Amino acid sequence: MALLARRARRAATKAAVSLGGVELAIPAHFRCPISLDLMRDPVTAPTGITYDRESIEAWLDTGRATCPVTHAPLRHEDLVPNHAIRRVIQDWCVANRSRGVERIPTPKIPITPVQASELLFDLAEAARRDAARCAEVVARVKALARDSERNRRCFASIGTGQALAAAFESLPDAGAPAGGVLEDVLAALACMMPLDEEAARILGSPTSLGPLVAIAKHGSLAGRLNAVLAIKEIVSCDAAFADLSGMVDEIVDALAKVIVSPICPQATKAAMVATYHLARSDERVASRLAAGGLVPVLVESLVDADKSMAEKALAVLDAVLASEEGRAGARAHALAVPVLVKKMFRVSDLATELAVSALWRLGRAPRDGEEDVAVTRCLVEALRVGAFQKLLLLLQVGCRDATKEKATELLKMLNKHKGVGECVDAVDFRGLNRLS
């Protein structure tokens, strides 16, 4: 309690400064004991303590099923809206409008599990009989789920993901156009992600995959984004992934199209994650991706990629380089080796390990055992841009056993060509601090 009191005093001081220098103390009972901010949607626990809904629900979501102040047991269902204090706070905001205080809006009433279940029943009926009615119900579900995190959790807890996936599977049989209501269902499904295993399995059925791939290739921008997100959920689920054998080529082509011709960063990242799972599981997929021109796109995307994009692009590139076609494409690209070496120690530990793995694949001799001209050129180029020093540094600071083996083998490959390619002196040691 003493700690909360000290935090409250500090927060009150900051509040006075933030209001343009005008001394305006926010009453203590208007503040949430957790965030110490003005409550926008006050709810009261059975212990009598009032919190802001967002803060106390975030507290409970971490697994701490107790009241933060009294430590008494507390559940989501125990929270009751405190309309009285909310109206008093709104009146106080109106009274101090001249001092820059904005009135908090009246929060919307959250949906109950019973109401959500009724919507899902309507959805199941409409999906089999009336596509127009189905679109109305889906729009209602999507709007409510986007209203608040509480509503989204309520829908997710009663299996809305499975219901929407089942509706997506049923609609083509009902004669619904692939570009209309199906895209609406995907938009609602995106609000329920991550999907559970059963929902992913339903989406991964042959009946659903055809329309899903069609939307990913030819739908609206929003539809293509949601379709790629759905495909990522499917290929990330082992139970659903096993049923993709008949549609893998179509899925790979749709994902490659999104990566080669991006529509938005979120879609590109989701497509890369899905592509990685597919390419890692089947070398034939890696060969198909390489033949589709993905290697140059991945290499060039690494030049100015942020951390998240760089890690995903490196993962996909490493998976594609498992194929001979992928390695040939990378060896023929002038930026491949310099970019891979540059990403070591500059992005993250994961990116460094992926870059080492990709370089190791490029430096390995073909299956006949004789090192060809392209492999030699890659190794010499790696020496010239400082790969030797960075690999030594990596072994000094430590890494996983698998990466250590590849780094050691790569050093042996490079050592054979030290007389041909001189190592540069400009080595970036800034990564040492991040790894230590």
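Read on for an overview of the structure.

Cut-offs used in this document
Residues numbered from 1 in each chain as written. Predicted model: local features only at pLDDT ≥ 70, side-chain atom pairs only at ≥ 80, totals over all residues. Heavy atoms only, no water. Phe/Tyr/Trp six-rings, centres within 6.5 Å; stacked < 30°, edge-to-face > 60°. Helix = DSSP H or I, 4+ residues; strand = E, 2+ residues; numbered from the N terminus. Buried < 20%, exposed > 50% of the residue type's maximum accessible area, 1.4 Å probe, protein only. Lys NZ or Arg CZ within 6 Å of the ring centre and 35° of its normal. Polar contact = N/O pair within 3.5 Å; in protein donor to acceptor, adjacent residues only side chain to side chain. Contact = heavy atoms within 4.5 Å. Lys, Arg positive; Asp, Glu negative; His and termini not counted. Salt bridge = Lys/Arg side-chain N within 4 Å of Asp/Glu carboxyl O. Axes fitted to C-alpha atoms, helices over the stretch in contact; angles between N-to-C directions. Parallel < 35°, antiparallel > 145°, perpendicular 65-115°, else oblique. Left-handed = near helix turned anticlockwise from the far one by under 90°. Nonpolar A, V, L, I, M, F, W, Y, C, P; charged D, E, K, R; others polar.

A word on the packing of aromatic side chains. One pair of aromatic rings is described through two measures. These are the centre distance and the angle between the planes. What the rule picks out here adds up to one aromatic pair. On the numbers, 5.8 Å between centres and 75° between planes, the contact of F30 with W92 is edge-to-face. One end of the pair, F30, is in the loop between α1 (2-18) and β1 (42-44); the other, W92, is in helix α3 (residues 83-95), with 62 residues separating them in the sequence. Across this residue pair, the class does not change: F30 and W92 are buried. Over the ring of W59 we find R64; its NZ or CZ atom is 3.9 Å from the centre of that ring.

Cis peptide bonds are those with omega within 30 degrees of zero, and the linkage from M193 to P194 qualifies with 10°. In this structure, P194 sits in the loop between α8 (181-191) and α9 (197-203). Although it is not a glycine, L36 adopts a positive phi angle of roughly 65°. Examined against the element boundaries, L36 turns out to sit in the loop between α1 and β1. A positive phi angle, close to 65°, is found at H71, a residue other than glycine. Looking at H71, the relative accessible area reads 58%, which means it is exposed.

The next point concerns the environment of R201. Looking at where R201 falls in the secondary structure, it is placed in helix α9. Residue R201 is classed as partly exposed on the basis of its relative accessible area, which comes to 36%. A C-alpha to C-alpha distance of 7.8 Å links R201 and C237, two positions 36 residues apart in sequence. Side-chain polar atoms of R201 contact the side chain of E198, separated by 2.6 Å.

Another aspect to go through is the environment of P338. By the element assignment, P338 lies in helix α19 (residues 336-343). Here P338 falls in the partly exposed class, since its relative accessible area comes to 23%. For P338 and A382, which are 44 residues apart along the polypeptide, the C-alpha to C-alpha distance reads 6.8 Å. Setting aside residues no more than four positions away along its own chain, P338 makes contact with E381 and V385.

Its place among the elements puts E233 in helix α11 (residues 221-235). One buried charge, E233, has no salt-bridge partner; the nearest side chain with opposite charge is K232, at 4.3 Å. At a separation of 3.0 Å, a polar atom in the side chain of E233 contacts the main-chain amide nitrogen of L195.

Let's shift gears to the packing of α19 against helix α20 (residues 349-363). Where α19 meets α20, the axes come as close as 8 Å, and the angle between the chain directions of the two elements is 150°. What the angle tells us is that α19 and α20 run roughly antiparallel. Seen from above, α19 lies across α20 with left-handed handedness. Of the residues in α20, those touching α19 at V337, L340, V341 and K343 are T352, A355, A358, L359 and L362. Looking at the contact of α19 with α20 residue by residue, the class counts come to seven nonpolar, one polar and one charged.

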